[in-house]
Amino acid sequence: MRGTDLWTMGVIVGLAAVTVLTRCFFFILDRPWGLPEWAHRALHYAPAAALAGVIAPEIVMTQGHLITTLHDARLYAAVVGAAYYYWRRGVLGTMLAGMAVYLPLHLGLGW
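Residues numbered from 1 in each chain as written. Predicted model: local features only at pLDDT ≥ 70, side-chain atom pairs only at ≥ 80, totals over all residues. Heavy atoms only, no water.

Asker: An account of the overall build of the protein is needed here, citing residue identities and associated values.
Answerer: Looking only at helices and strands, one finds 5 helices and 2 strands in the protein. Going from the N terminus to the C terminus, the protein shows its helices and strands as α-α-α-β-β-α-α. Here the protein has a C-alpha radius of gyration of 23 Å; the compact-globule value for 111 residues is 13 Å, and the former is much larger. Projected onto its principal axes, the C-alpha positions of the protein cover 55 × 50 × 20 Å. Across the 111 residues in the protein, those meeting the buried criterion constitute 9%. At a minimum sequence separation of 6, the contacts of the protein that also span at least 24 residues come to 31%. As displayed, the protein offers around 9500 Å² of accessible surface, 71% of which is attributable to carbon and sulfur atoms. For the protein, the centre of its 7 positive side-chain charges and the centre of its 5 negative side-chain charges are spaced 7 Å apart. (Helix = DSSP H or I, 4+ residues; strand = E, 2+ residues; numbered from the N terminus. Rg over C-alpha atoms; globule rule 2.2 N^0.38 Å. Buried < 20%, exposed > 50% of the residue type's maximum accessible area, 1.4 Å probe, protein only. Contact = heavy atoms within 4.5 Å. Areas by Shrake-Rupley, 256 points an atom, 1.4 Å probe, with all protein chains shown as cover. Lys, Arg positive; Asp, Glu negative; His and termini not counted. Charge placed at Lys NZ, Arg CZ, Asp CG, Glu CD.)

Asker: Explain the side chain of Asp-72 residue by residue, including any values.
Answerer: Structurally, Asp-72 can be placed in the loop between strand E2 (65–66) and helix H4 (73–88). Side-chain polar atoms of Asp-72 contact the side chain of Arg-74, separated by 2.7 Å. In this structure Asp-72 touches Ile-67 and Trp-111, once residues within four positions along its chain are discounted. (Polar contact = N/O pair within 3.5 Å; in protein donor to acceptor, adjacent residues only side chain to side chain.)

Asker: Can you explain a nonpolar patch on the surface? Please cite residues and give values.
Answerer: Nonpolar side chains collect at one region of the surface, where Phe-25, Phe-26, Leu-29, Trp-33, Leu-35 and Leu-43 lie side by side and expose about 570 Å² of accessible area between them. With respect to the helices and strands, Leu-35 occurs in the loop between helix H1 (6–28) and helix H2 (37–43). Exposure remark for Leu-35: the relative accessible area of 37% places this residue in the partly exposed category. (Patch = residues over 30% accessible without salt bridge, like charges linked within 9 Å, V, L, I, M, F, W, Y side chains within 5 Å. Salt bridge = Lys/Arg side-chain N within 4 Å of Asp/Glu carboxyl O.)

Asker: Please set out the pattern of salt bridges residue by residue, giving values where relevant.
Answerer: A side chain of one charge can pair with a side chain of the opposite charge when the charged atoms of the two come close. Counted under the stated rule, the structure contains 1 salt bridge. Measuring nitrogen to oxygen at the nearest pair gives 2.7 Å for the salt bridge that ties Asp-72 to Arg-74. Overall, Asp-72 belongs to the buried group, its relative accessible area being 10%.

Asker: Help me get a handle on the UniProt feature "transmembrane region" (unreviewed entry) in the protein, residues and values and all.
Answerer: Here the UniProt feature "transmembrane region" (unreviewed entry) sits at residues 6–30, 42–66 and 86–105. Taken as a whole, residues 42–66 contains 68% helix and 16% strand, while its terminal C-alpha atoms sit 30 Å from one another. In the segment residues 86–105, helix accounts for 90% and strand for 0%; the C-alpha atoms at its two ends are 22 Å apart. (UniProt positions renumbered as here; feature names shortened; annotations may be inferred.)

Asker: A description of the packing of H4 against helix H5 (residues 91–108) should follow, citing residues and the corresponding values.
Answerer: Two numbers describe how H4 lies on H5: the axes approach to 8 Å, and their chain directions differ by 155 degrees. As judged from the angle between their axes, H4 and H5 are roughly antiparallel. Our pair here, H4 against H5, has a crossing hand that is right-handed. For the pair H4 and H5, contact is made by Ala-73, Arg-74, Tyr-76, Ala-77, Val-80, Gly-81, Tyr-84 and Tyr-85 and by Val-91, Gly-93, Thr-94, Ala-97, Gly-98, Val-101, Tyr-102, Leu-105 and His-106, respectively. Here the contact of H4 with H5 is built from residues that sort into 11 nonpolar, 5 polar and 1 charged. (Axes fitted to C-alpha atoms, helices over the stretch in contact; angles between N-to-C directions. Parallel < 35°, antiparallel > 145°, perpendicular 65-115°, else oblique. Left-handed = near helix turned anticlockwise from the far one by under 90°. Nonpolar A, V, L, I, M, F, W, Y, C, P; charged D, E, K, R; others polar.)

Here it is in structure tokens:
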């Protein structure tokens, strides 16, 4: 059995050091520290950007490739869900509207 080489151990120790330093950064400073106003404004968009980064590829891609057909239930469910949200601004209704379109197309038609 071969042991862990020096390069792998160096990477593990380096990643651990970076993790500890970034998580303890605010405790290391001796004075209070705040984010600039532009950073506070930018952080308001972080949840929406992260959600879009996770959801958008799931809608337009399958098995790592862009979908090439309009016979995909996810497209229609996303459009109906977006339209419902634009109309009513309700998250639960958006999910229900999207699923009301997705399930019949996916299960009934096999899209």
